[in-house]
Amino acid sequence: MIWQRRIISVIFVMTYEYNIPCIYSFQIMESQISNTCRPTAQDTLRSLETDGDGPVMIPGPREDSGFFSGTNKQCLEHLEEEKGFLSKEIKELEENMECVEINEQTKIKSEACRDFLKCILYIVESDLDGDTKIHIAVIQNHYHSAKQMISMVSALDPELLDTPNLLLQTPLHLAVLVRDVELVELLAQHGADFGCRDLHGNTPLHIASYHGYDDIVACLLRYAGQRKSNSNFIPGINDRNYEGQTCLHLSTFNTNLPVIKLLTTYGADVNARDGKSGKTILHYAADTGNTILMDYILQLPGIDVNSRTYAGQTPTTLAKGRGYADIWITLRKFGGKDYENFEDT
């Protein structure tokens, strides 16, 4: 993938396009990461495999974060093709480094950078599930190993933190799934992308909203608010997944009122319609007979009690059709109309 080849391009662009010897490209890289290069490669690799939390083991099969299971043959073939490109480029890099004549002092500096680069390649190398060492450390709650690797990788390129596995889950997706607020905050501080989507189109915020992880939602929204360019809008808060649902829609599935409050406080659209049926969160409450959810939603500023689905149904119509008399009466008190009360358009 592009994220993999960028590691090599840091050196090769300078070497091939500008005819600068490979060793000077390493010196340029070293000046940016000198503080990170101080441990030897052997020490660094050992520390990544074993820390105070115990050894980082390769996990077995696990469940994904989405709402649909299936294979993505095209994605698998693409990843195999990219793995071949990366292996070829690593081999070319090693051959190029061996043919450069350098003095002893420069050799020491270049070897430190070469060791650092090899360490990064080791960290972002994918296993059979597409997981990098960071994915595995996050899944197994090895905070100290994950922290060290995240710091090293972000020093070279923060976009490498968004490396996806075969389910298109980034380390941030997994940190949300295991509900590790510290790791979510750590990844956010080092520039992880909140907008990355998994195989089902879910961002980390979608996953946290669905599971009702209000502490994770608060953390993501806080850091997203710091990054926003428009002072009145949080990027991605109203984005739909591949099922057409926003974070607010997902938060209603388990009546996650604290999450709904957080999302609406940060500007989520209370009248957003899903992509399949055109239902709002009030439709969801009326359609399922959820009086607790409906009473809470009706108190939200700007709620449209007569929003219509793609089939023209209002929340009142749905409640009447389902036989929820108490909900129908409540909606009528708030000005709700049945479908037949609307004039034909």
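That block above? That's the structure.
Attention in this report is confined to the structure presented alongside it. (Residues numbered from 1 in each chain as written. Predicted model: local features only at pLDDT ≥ 70, side-chain atom pairs only at ≥ 80, totals over all residues. Heavy atoms only, no water.)

### A word on the overall build of the chain
Item 1. Secondary structure summary: the chain contains 17 helices and 2 strands in total.
Item 2. Split into buried and exposed, the 345 residues of the chain put 46% on the buried side.
Item 3. Considering only contacts within the chain whose residues lie at least 6 apart along the sequence, 72% involve residues at least 24 apart.
Item 4. Accessible area of the chain: about 17,300 Å², with a carbon and sulfur share of 50%. (Helix = DSSP H or I, 4+ residues; strand = E, 2+ residues; numbered from the N terminus. Buried < 20%, exposed > 50% of the residue type's maximum accessible area, 1.4 Å probe, protein only. Contact = heavy atoms within 4.5 Å. Areas by Shrake-Rupley, 256 points an atom, 1.4 Å probe, with all protein chains shown as cover.)

### With respect to the pattern of salt bridges
Item 1. Here the structure, examined in full by the defined rule, presents 8 salt bridges.
Item 2. Of the charged contacts in the structure, one is a salt bridge between Arg 197 and Asp 239, with a shortest N-O distance of 3.8 Å. Of this pair, Arg 197 sits in the loop between α9 (181-189) and α10 (204-211) while Asp 239 sits in the loop between α11 (214-227) and α12 (247-251); the two residues are 42 residues apart in sequence, bridging distant segments of the chain.
Item 3. Judged by relative accessible area, Arg 197 falls into the partly exposed class, the value being 26%.
Item 4. Relative accessible area serves as the criterion here: at 33%, Asp 239 is assigned to the partly exposed category.
Item 5. Sharing partners across several salt bridges, the network here consists of Arg 179, Asp 214 and Asp 215. (Salt bridge = Lys/Arg side-chain N within 4 Å of Asp/Glu carboxyl O.)

### Regarding the packing of aromatic side chains
Item 1. For the structure shown, the criterion picks out 2 aromatic pairs.
Item 2. The structure contains a cluster of three or more aromatic residues connected by ring pairs, namely Tyr 210, Phe 253 and Tyr 284.
Item 3. Here Lys 133 stacks its cationic end above the ring of Tyr 122, 4.5 Å away from the centre of that ring. (Phe/Tyr/Trp six-rings, centres within 6.5 Å; stacked < 30°, edge-to-face > 60°. Lys NZ or Arg CZ within 6 Å of the ring centre and 35° of its normal.)

### Considerations on the packing of α9 against α11
Item 1. Where α9 contacts α11, the two axes come as close as 10 Å, and the packing angle between them is 10°. Taken as axis vectors, α9 and α11 run roughly parallel relative to one another. For the pair α9 and α11, the contacting residues are Val 181, Val 184, Glu 185, Ala 188 and Gln 189 in the first and Asp 215, Ile 216, Cys 219, Leu 220, Arg 222, Tyr 223 and Arg 227 in the second.
Item 2. Taken together, the residues of the contact of α9 with α11 sort by class into 7 nonpolar, 1 polar and 4 charged. (Axes fitted to C-alpha atoms, helices over the stretch in contact; angles between N-to-C directions. Parallel < 35°, antiparallel > 145°, perpendicular 65-115°, else oblique. Nonpolar A, V, L, I, M, F, W, Y, C, P; charged D, E, K, R; others polar.)

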